[in-house]
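# Architecture and fold: a report
Each chain, letter by letter, is given below.
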Amino acid sequence: PSARSPRRPAKMGSMGLDDLLSAFAGVNMDDHEQLVGTFARVLGADADQSRFFLEASAWNLESAVGNFLDTVGTRANLATPSAEPASAFRGEESVQQVNAHVFAPGQPIQLVWTFVNVGPAPWPLDAALVHTEGDALGGNPEVSVGGCQ
């Protein structure tokens, strides 16, 4: 008996299965959470669908992608390589207000900074705002914002 390879979906416009699988380059295939998140982002599926297809395919990516596209996915689901997530800071006004105010030493202040997704693609599930330089002022060094539309 010969082993049967998973059925490949027909080419989707200019993007074939090999092109689609290249979107998973750099993903640790042993890290199932990362794989589920990337599957969801690339294929436009939710986390439950992604986990279902990956588990049903024994975590074989090519098989999971093929099964997803054969049953529920279409080209409309796919995040195209040019559809990069993007963000914009919408807090300039509050920063200007803080800069115009004099605070007493030790006086608590509360700042609300708003970042919005201005790109054509959702932010990846593992997206986060990360403090990279300057005084953290006692705040969290990283805040998860993944999955924002």
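Here we summarise the structure given alongside this text. (Residues numbered from 1 in each chain as written. Predicted model: local features only at pLDDT ≥ 70, side-chain atom pairs only at ≥ 80, totals over all residues. Heavy atoms only, no water.)

Among the nonpolar cores identified, the biggest contains 18 residues, and Phe24, Phe39, Leu43, Leu54, Leu61 and Val65 are the most heavily contacted of them. Contributing elements (two or more residues each) for this core: helix 1 (17-22), helix 2 (32-43), helix 3 (47-56) and helix 4 (61-71). (Core = buried A, V, L, I, M, F, W, Y, C linked by side-chain atoms within 4.5 Å. Buried < 20%, exposed > 50% of the residue type's maximum accessible area, 1.4 Å probe, protein only. Helix = DSSP H or I, 4+ residues; strand = E, 2+ residues; numbered from the N terminus.)

We now examine helix 2. Counted at 1.5 Å a residue, the expected span for helix 2 with its 12 residues is 16 Å, and the 16 Å between its end C-alpha atoms agrees. Positive backbone phi, at 70 degrees, marks Gly44, one or two positions downstream of helix 2. (Expected span 1.5 Å × (residues − 1).)

The next subject is the packing of aromatic side chains. One pass over the full model with this rule turns up 4 aromatic pairs. Between the aromatic rings of Phe24 and Phe39, the centroid separation amounts to 6.5 Å while the plane-to-plane angle is 50 degrees, which identifies the pairing as tilted. Note that Phe24 is positioned in the loop between helix 1 and helix 2 and Phe39 in helix 2, a separation of 15 residues in sequence. Exposure remark for Phe24: the relative accessible area of 2% places this residue in the buried category. We classify Phe39 as buried; its relative accessible area is 0%. An angle of 90 degrees between the planes, with centres 5.4 Å apart, marks the rings of Phe53 and Phe68 as edge-to-face. Residue Phe53 is located in helix 3, and its partner Phe68 is located in helix 4; the two are separated by 15 residues in the primary sequence. Classification of Phe53 by relative accessible area gives buried; the value is 10%. On the basis of relative accessibility, which here comes to 1%, the residue Phe68 falls in the buried class. Linked through ring pairs, Phe24, Phe39, Phe52, Phe53 and Phe68 together constitute an aromatic cluster. (Phe/Tyr/Trp six-rings, centres within 6.5 Å; stacked < 30°, edge-to-face > 60°.)

Bringing the environment of Leu35 into the picture now. Along the chain, the position of Leu35 falls in helix 2. Taking relative accessible area as the criterion, Leu35 reaches 0% and is therefore assigned buried. What Leu35 contacts, discounting residues up to four positions off in sequence, is Phe24, Val27, Met29, Leu54, Trp59 and Leu61. (Contact = heavy atoms within 4.5 Å.)

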